[in-house]
Amino acid sequence: MPLENLELNVGGTQIKGVWIAILLTFGSTIGGGIWTASEFFSRLAGLEGSVSDASSETGVTQARFEDLRETQAEALQSYEVSISKMQQQLDDNNVSDLQGKLAELSTNLSQIMELQRDLLPLRDRVAAVEKSNSETVITVNAKIEALSTLDDRIKRLQRDMDDAWTAMDELANPLGR
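Definitions and cut-offs
Residues numbered from 1 in each chain as written. Predicted model: local features only at pLDDT ≥ 70, side-chain atom pairs only at ≥ 80, totals over all residues. Heavy atoms only, no water. Helix = DSSP H or I, 4+ residues; strand = E, 2+ residues; numbered from the N terminus. Rg over C-alpha atoms; globule rule 2.2 N^0.38 Å. Buried < 20%, exposed > 50% of the residue type's maximum accessible area, 1.4 Å probe, protein only. Phe/Tyr/Trp six-rings, centres within 6.5 Å; stacked < 30°, edge-to-face > 60°. Expected span 1.5 Å × (residues − 1). Bend = angle between axes of the 7 residues up to and from the residue. Pairing = 2+ DSSP bridges.

**Student:** How do you make sense of the overall build of the protein chain when you look at a structure like this?
**Tutor:** When you go through the protein chain residue by residue, the secondary structure sums to 2 helices and 2 strands. Tracing the protein chain from N to C terminus, the helices and strands come up as β-β-α-α. For 177 residues, the compact-globule formula gives about 16 Å, and the C-alpha radius of gyration of the protein chain, at 62 Å, lies well above that figure. With the principal axes as the frame, the protein chain shows a C-alpha extent of 190 × 70 × 35 Å. Buried residues in the protein chain amount to 2% of all 177 residues.

This is the structure:
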């Protein structure tokens, strides 16, 4: 059925095909407009609530920022006092004369380094002498041990000779006791 032959009877009024299409178009446009406006106003109400929440949070943040600013100002003032005390201590300790003392220490350190360079060869020589000394001690101990065994052998030979002389005296005079 074509649109021209379509008829709609509403409250005793007859509406024909094209007018139905026009009314339907206007009705859907008006309905879409109403829905869009409703959606816009509901979003606007949501944003209004968010803005009011953000405003109250901004007040809280502002108060916290003021507290932080006061605390930082107090801390900064205490740091300034500490810095002025340190400056006074530096002035009292005569830090400006440290340059001369550092130069003197540098000279002393240079002298120590030169003396150390002279002592390093001596250290090597002392180590060589200690090694030689320990080898000599080992040799002397070995010789002392060898002499000790030689002394024992000489004592045994002396005892044997004394026994031999005693035996010869006994043989020479068997009755002469």
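And the narrative resumes.
**Student:** I tried to follow the packing of aromatic side chains on my own but got confused; where do I start?
**Tutor:** Aromatic ring pairs are defined here through the distance separating the ring centres and the angle between the ring planes. Enumeration according to the criterion identifies 1 aromatic pair in this entry. With centroids separated by 5.6 Å and ring planes inclined at 65°, the aromatic side chains of Phe-40 and Phe-41 adopt a geometry described as edge-to-face.

**Student:** Can you help me understand helix α2 (residues 98–172) in this one?
**Tutor:** Working note: α-helix, 3.6 residues per turn, so residues spaced by three or four point in the same direction. The end-to-end C-alpha distance of α2, which contains 75 residues, comes to 103 Å, matching closely the 111 Å that a straight helix rising 1.5 Å per residue would cover. At Leu-119, α2 shows its largest kink, close to 25°, and the proline Pro-121 lies no more than four residues downstream.

**Student:** Mind showing me how you'd approach the pairing of strand β1 (residues 7–10) here?
**Tutor:** Working note: regular strand, side chains alternate between the two faces of the sheet. Relative to strand β2 (residues 13–16), β1 is paired through 4 bridges, and the arrangement is antiparallel. Along β2, the bridge assignment pairs Asn-9 with Gln-14. Joining the antiparallel neighbours β1 and β2 is a turn of 2 residues, in which Gly-11 adopts a positive phi near 55°.

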